[in-house]
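Chains, contacts and geometry: an overview
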Amino acid sequence: MSDFAELTLEGKSLQLPVVTGSENEKAIDINALRAQTGYITLDSGYKNTGATTSAITYLDGEQGILRYRGYPIEQLAERSNFIEVAFLLIYGHLPSQAELDNFSYQIKMHSLVNEDMRKILDGFPSAAHPMGILSSLVSSLTAFYPDSLHPNPTKEEVDLTIIRLISKLSTIAAWAHKNSQGHPKNYPDNSLDYCSNFLYMMFAYPTEKYQVNPVVVDALNKLLILHADHEQNCSTSTVRLVGSSHASLYSSVSAGINALWGPLHGGANQAVIEMLEAIKADGGDSKKYIEKAKDKNDPFRLMGFGHRVYKNFDPRATIIKKTADDVLGALGINDPVLNIAKELEQAALTDPYFVERKLYPNVDFYSGIIYRAIGIPTEMFTVMFALGRLPGWIAQWKEMREQKEPIGRPRQIYTGETTRDYTPINER
Ligand code: CMC
């Protein structure tokens, strides 16, 4: 096969290099296009645009394949834990025991947040959405660690920021929840592993002893692993784009959190449960909502169905569906909202509209169900997604800086008015 693609424009022929990835994916390198022809490419939503080369995550939406650094997601979800996967994504290899011990120890040692951060948190009303709190407090970390603003940080500085971010995000997330409840905040317990400590900070009360449930810890590890990276999605592209201006890791991740917040991205898991609640309040007729989703004059969409890249099945959804069944069974939960979820899933999987468009339940359809079962309030669902996605954002930011990528700056095709003269207000 040729290593060049030939493009003919206005009678002139141009050879554009073909780039081949390690899994044989093909791209046409158009870097020279504008300089040589004056043309740009137009691709709204970047559906066909590769913004970078990356060695972190491989995803094949047609085959339903997802691998982190070459390791299949199924194996990682089954046999690894979140902190080990975070190391893998960020540093590119599975850690030795010594590396993992050191990484875990460092994360524990940085779990406190400055007491002045509490004052910032106290300033938020209890009704504040925790995603807004999360992005604001992550951005505020720059004030407490001004060295992180160095535009060209050393490797040691980057490593320390990485540890701080992974460690403190879980404390900030749990405190955002406690703030919404108006309850006292729990300080981290460094005798616990990462997931157990997060659950402790979320759910322990000074008035009673808190027991960490191993079934819940296992489910949480799986959920966070499944969300840990997903190559160049909306929030990750945001992190890379913001970081490309040499903004700090804290600022870039804060921007990523905001991008994740939207209901078409990470906000979908919250939207799923809200949709199920609304169906229940409306009499529980899931068929009516299937019809609404199919009606092109109705803006309603089945939240948690469909995916930009998975057009066959979402491999994460397959793993998480089993986890959802396990958790619900182990906790003995019988929730009418979850029964509606099962009805919707069955109806959509057999309806020609959804089958023809390859619209399957995605990871967020089931993650919301598990979070609800383990007592995480709906508003916190997207925060849970952010906790999971953090290692991916960090790995992608680090790779972008190490590859010395130029500042991101797309072009456009202007469709507004051509030049016209200003008219004074009394002549308009
Ligand atoms: N319900 C009903 N119809 C749908 C849905 C849905 N959830 N999703 C897509 N469609 C239809 C859409 O109307 C279109 O139909 P037609 O070809 O007749 O015009 C067709 O399917 C293709 O949809 P699209 O909007 O062109 O697909 P997209 O790749 O641009 O959008 C999506 C992907 C995820 C934004 C979309 O499927 C959606 O809005 N889903 C609901 C929100 C959701 O669950 N998002 C979480 C994604 S997973 C988490 C993550 O990785 O961020």
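Residues numbered from 1 in each chain as written. Predicted model: local features only at pLDDT ≥ 70, side-chain atom pairs only at ≥ 80, totals over all residues. Heavy atoms only, no water.

Examining the overall build of the protein
Looking only at helices and strands, the protein features 18 helices and 6 strands. Projected onto the principal axes, the alpha-carbon positions of the protein cover approximately 80 × 65 × 55 Å. The buried share of the protein, taken over its 428 residues, is 47%. Considering only residue pairs separated by 6 or more positions, the protein has 71% of its internal contacts joining residues 24 or more positions apart. In the protein, which carries 42 positive and 50 negative side-chain charges, the distance between the mean positions of the two groups comes to 2 Å. (Helix = DSSP H or I, 4+ residues; strand = E, 2+ residues; numbered from the N terminus. Buried < 20%, exposed > 50% of the residue type's maximum accessible area, 1.4 Å probe, protein only. Contact = heavy atoms within 4.5 Å. Lys, Arg positive; Asp, Glu negative; His and termini not counted. Charge placed at Lys NZ, Arg CZ, Asp CG, Glu CD.)

Let's talk about the side chain of glutamate 345
Checked against the element boundaries, glutamate 345 lands in helix H15 (residues 336–350). Looking at glutamate 345, the relative accessible area reads 6%, which means it is buried. There is a polar contact of 3.4 Å between the side chain of glutamate 345 and the side chain of lysine 321. (Polar contact = N/O pair within 3.5 Å; in protein donor to acceptor, adjacent residues only side chain to side chain.)

Digging into the site of the ligand
His265, Lys296, Arg301, Leu302 and Gly304 are the nearest of the 21 residues found near the ligand. Taking lysine 296, its side chain carries an N or O atom lying 3.0 Å from an oxygen atom of the ligand. With respect to the ligand, the backbone of glycine 304 contributes an N or O atom lying 2.8 Å from an oxygen atom. For the ligand, whose free accessible area comes to 940 Å², the fraction covered by protein is 78%. Looking at side-chain class alone, the shell around the ligand contains 8 nonpolar, 5 polar and 8 charged residues. (Near = heavy atom within 4 Å. Areas by Shrake-Rupley, 256 points an atom, 1.4 Å probe, with all protein chains shown as cover. Nonpolar A, V, L, I, M, F, W, Y, C, P; charged D, E, K, R; others polar.)

So, the sheet that holds strand E4 (residues 57–60)
As a general point, the strands of a sheet are linked pairwise by backbone hydrogen bonds and lie either parallel or antiparallel. Taken in spatial order, the 3 strands make up an open sheet running E4-E5-E6, and their pairing is antiparallel. Edge strands, defined here as strands with exactly one partner in the open sheet, are E4 and strand E6 (71–72). (Pairing = 2+ DSSP bridges.)

As for the nonpolar core
Most often, soluble globular proteins keep nonpolar side chains buried together rather than apart. If you look at the biggest cluster of nonpolar residues, it comprises 112 residues, and the most contacted ones within it are Tyr68, Ile166 and Leu302. When sequence neighbours within four positions are dropped, the list of residues in contact with isoleucine 166 reads Ile83, Ile90, Phe103, Ile107, Tyr194, Leu390 and Ile394. (Core = buried A, V, L, I, M, F, W, Y, C linked by side-chain atoms within 4.5 Å.)

Description of the packing of aromatic side chains
A complete count under the given rule lists 12 aromatic pairs for this structure. Measuring from ring centre to ring centre gives 5.0 Å for tyrosine 353 and phenylalanine 354, while their planes differ by 70°; the resulting arrangement is edge-to-face. The exposure classification of tyrosine 353 matches that of phenylalanine 354, with both residues buried. Each member of the aromatic cluster is reached from another via a ring pair, and the members are Phe305, Tyr353, Phe354, Phe365 and Tyr366. Here the guanidinium or amino end of arginine 118 rests over the ring plane of tryptophan 175, the centre of that ring lying 5.1 Å away. For lysine 178, the ring lying beneath its charged end belongs to tyrosine 205, and the centroid distance is 4.1 Å. (Phe/Tyr/Trp six-rings, centres within 6.5 Å; stacked < 30°, edge-to-face > 60°. Lys NZ or Arg CZ within 6 Å of the ring centre and 35° of its normal.)

Some points on the environment of valine 272
Mapped onto the secondary structure, valine 272 falls in helix H12 (residues 268–281). For valine 272, a relative accessible area of 0% corresponds to the buried category. Residues valine 272 and leucine 302, spaced 30 residues apart in sequence, show a C-alpha to C-alpha distance of 7.9 Å. Excluding residues that lie within four positions of it along the chain, valine 272 makes contacts with Met303, Gly304, Asp364 and Phe365.

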